[in-house]
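Remarks on the overall topology
Each chain, letter by letter, is given below.
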Amino acid sequence: MSFSPAATVDLLRAAGEPTRLRILSLLALEELSVMELARILDQSQPRVSRHLKLMAEAGLIERFPDGAWVFYRLPVSGPARHLADAVLDLLEDATAYRDGARLEGVRAERHAQAADYFGRVAPQWDQIRSLYVSESAVEAAIERAAGPGPFRRVVDLGTGSGRMLSLLGGRAATSLGLDLSHQMLNVARRNVSEAGLNKVELRHGDIFATRLPDESADLVVVHQVLHYLTDPVTAVTEAARLVEPGGRLLIIDFAPHDHEPLRTEHQHRRLGFSDAEIARWVSEAGLVPTAPIALPPDHDGLTVTIWSADRPSQSDRKSA
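Residues numbered from 1 in each chain as written. Predicted model: local features only at pLDDT ≥ 70, side-chain atom pairs only at ≥ 80, totals over all residues. Heavy atoms only, no water.

A few words on the overall build of the protein chain. When its secondary structure is counted, the protein chain shows 14 helices and 11 strands. For 320 residues, the compact-globule formula gives about 20 Å, and the C-alpha radius of gyration of the protein chain, at 21 Å, lands near that figure. Dimensions of the protein chain, computed from the C-alpha atoms along their principal axes, are close to 60 × 50 × 40 Å. Burial statistics for the protein chain: of 320 residues in total, 50% are counted as buried. Of the side chains in the protein chain, 35 bear a positive and 43 a negative charge, and the two mean positions are spaced by 2 Å. (Helix = DSSP H or I, 4+ residues; strand = E, 2+ residues; numbered from the N terminus. Rg over C-alpha atoms; globule rule 2.2 N^0.38 Å. Buried < 20%, exposed > 50% of the residue type's maximum accessible area, 1.4 Å probe, protein only. Lys, Arg positive; Asp, Glu negative; His and termini not counted. Charge placed at Lys NZ, Arg CZ, Asp CG, Glu CD.)

Here's what the structure looks like:
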């Protein structure tokens, strides 16, 4: 795919202003909300919104509303992304360093809020999850989506209380759970031990950069994690990288909703994900999505969706 000369000129015009170049540089690092960009750039929100509107209309960046918030990001691929990358390669570093330092301040604030939250709720984590939808129904559906096994290796990213390891680890030769919260890992260690599982490794690790080998697990699980993340597409890409040929990725999270208080009360960054959004992310990561499973709430709550995607086996690739 390529752009016409007129469309290319529109892209260049959209990028051709100092503040917009700074925005491009920041969005190359992660998706950000309007409020966060205004804070980092030290400009008013209306002014930043005008720049973002022009850039989005030209196709240089992507805009997606999420409840009362609006987020922006660079396209994953395509001519607009190539142009943005080429322009950013030409920028001098001084302004980017200053903006990067302010971004680190925003990240540190987010991290502190999340650490405080997870530290407070770690002992009651499964109880909090049960407020949204019947856990027994969700877990039964997860077991069906995962398949009967046995599994050679299960990797649970953002393992939290270790519930997915307890649920699926009995069918795995080995299991590995990663989480950034030491408090949650302590809870997971207790729960895994009580489940009688001894071939489980629990490791402090980053879902964006797991440092695990390519295609090293036949089942990778991302359970109720994406809605906390600043860059969910990168987490999905990293999770997909770990899936071996013939293996499966399971993503369990909320469908789109409008429960805005979850942002302030429970540190949710995204208010759910659409089927099309997840399907696009896993497809771009080299997996083949299958039909999602939607689980509506028992009462007044949120719908949980289970998305699965497979990496074709060698035999599937040959037959194709």
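And the narrative resumes.
It is worth spelling out the pattern of salt bridges at this point. As enumerated under the stated definition, the model contains 19 salt bridges in all. A salt bridge links arginine 22 to aspartate 99, with the shortest nitrogen-to-oxygen separation between them at 2.8 Å. With a gap of 77 residues between them, arginine 22 in helix H2 (residues 18–27) and aspartate 99 in helix H6 (residues 93–121) connect regions that are remote in the sequence. A relative accessible area of 19% means that arginine 22 is categorised as buried. Residue class for aspartate 99 comes out buried when judged on its relative accessible area of 3%. For arginine 248, the salt bridge goes to aspartate 310, with nearest N and O atoms at 2.6 Å. Taken together, the positions of arginine 248 in strand S8 (residues 243–254) and aspartate 310 in strand S11 (residues 304–310) put the pair 62 residues apart, joining distant regions of the chain. Overall, arginine 248 belongs to the partly exposed group, its relative accessible area being 23%. Residues joined by salt bridges that share partners form a network here, namely Glu62, Arg73, Arg270 and Glu277. (Salt bridge = Lys/Arg side-chain N within 4 Å of Asp/Glu carboxyl O.)

Counting 29 residues, the largest nonpolar core has Leu157, Val220, Val222, Leu226, Leu249 and Ile251 as the members making the most contacts within it. For this core, the secondary-structure elements that each account for two or more residues are strand S4 (151–157), strand S5 (172–179), strand S7 (217–223), helix H11 (232–241), S8, helix H13 (275–284) and S11. Considering each element in turn, this core owes the most residues, 5 residues, to H11. Other than its neighbours up to four places away in sequence, isoleucine 251 contacts Val222, Leu226, Val236, Ile278, Val282, Thr305, Ile306 and Trp307. Counting 28 residues, the second largest nonpolar core, distinct from the first, contains Ala15, Leu37, Ala38 and Ile40. (Core = buried A, V, L, I, M, F, W, Y, C linked by side-chain atoms within 4.5 Å. Contact = heavy atoms within 4.5 Å.)

To characterise two packed helices, one gives the angle between the axes of the helices and the distance between these axes. With their axes 9 Å apart at the nearest point, helix H3 (residues 34–41) and helix H4 (residues 45–57) run at an angle of 110 degrees to one another. Comparing the axis directions of H3 and H4 gives the class roughly perpendicular. With respect to the hand of their crossing, H3 and H4 are arranged in right-handed fashion. Of the residues in H4, those in contact with Val34, Met35, Leu37, Ala38 and Leu41 of H3 are Gln45, Val48, Ser49 and Leu52. Across the contact of H3 with H4, the residue classes break down as 7 nonpolar, 2 polar and no charged. (Axes fitted to C-alpha atoms, helices over the stretch in contact; angles between N-to-C directions. Parallel < 35°, antiparallel > 145°, perpendicular 65-115°, else oblique. Left-handed = near helix turned anticlockwise from the far one by under 90°. Nonpolar A, V, L, I, M, F, W, Y, C, P; charged D, E, K, R; others polar.)

Our next topic: unusual backbone geometry. Between glycine 149 and the following residue, proline 150, the backbone shows a cis peptide bond with an omega angle of 0 degrees. Considering the arrangement of structural elements, one finds proline 150 in the loop between helix H8 (135–146) and S4. With phi around 45 degrees, glutamate 215 is a residue other than glycine that occupies positive phi space. Looking at where glutamate 215 falls in the secondary structure, it is placed in the loop between strand S6 (200–204) and S7. Accessibility expressed as a relative area gives 35% for glutamate 215, which makes it partly exposed.

Another point: the environment of leucine 168. Secondary-structure assignment places leucine 168 in helix H9 (residues 163–168). Sequence separation of leucine 168 and valine 220 is 52 residues, and the distance between their C-alpha atoms is 11 Å. Those residues in contact with leucine 168, other than ones at most four positions away along the chain, are Ile142, Glu143, Ala146, Phe151, Leu219 and Val221.

Glancing now at the packing of aromatic side chains. According to the stated counting rule, one finds 2 aromatic pairs in the structure shown. With a centroid separation of 5.8 Å and an interplanar angle of 45 degrees, the aromatic rings of tryptophan 69 and phenylalanine 71 are classed as tilted. Owing to a relative accessible area of 25%, tryptophan 69 belongs among the partly exposed residues under this scheme. Ring plane angle 65 degrees and centroid distance 6.0 Å describe the contact between phenylalanine 273 and tryptophan 281, whose orientation is recorded as edge-to-face. The class of phenylalanine 273 is buried, set by a relative accessible area of 1%. For tryptophan 281, a relative accessible area of 1% translates into the label buried. (Phe/Tyr/Trp six-rings, centres within 6.5 Å; stacked < 30°, edge-to-face > 60°.)

As for its placement among the helices and strands, arginine 13 is situated in helix H1 (residues 5–15). In the structure, arginine 13 is positioned 41 residues away from leucine 54 in sequence and 9.4 Å away in space, judged by C-alpha atoms.

A separate point is the confidence of the model for the protein chain. Per-residue pLDDT for the protein chain has a mean of 87; in total, 91% of the residues score no lower than 70. The secondary structure element of the protein chain with the lowest average pLDDT is helix H7 (residues 125–129), at 60, and the one with the highest is strand S9 (residues 288–289), at 98. (pLDDT = per-residue confidence, 0-100.)

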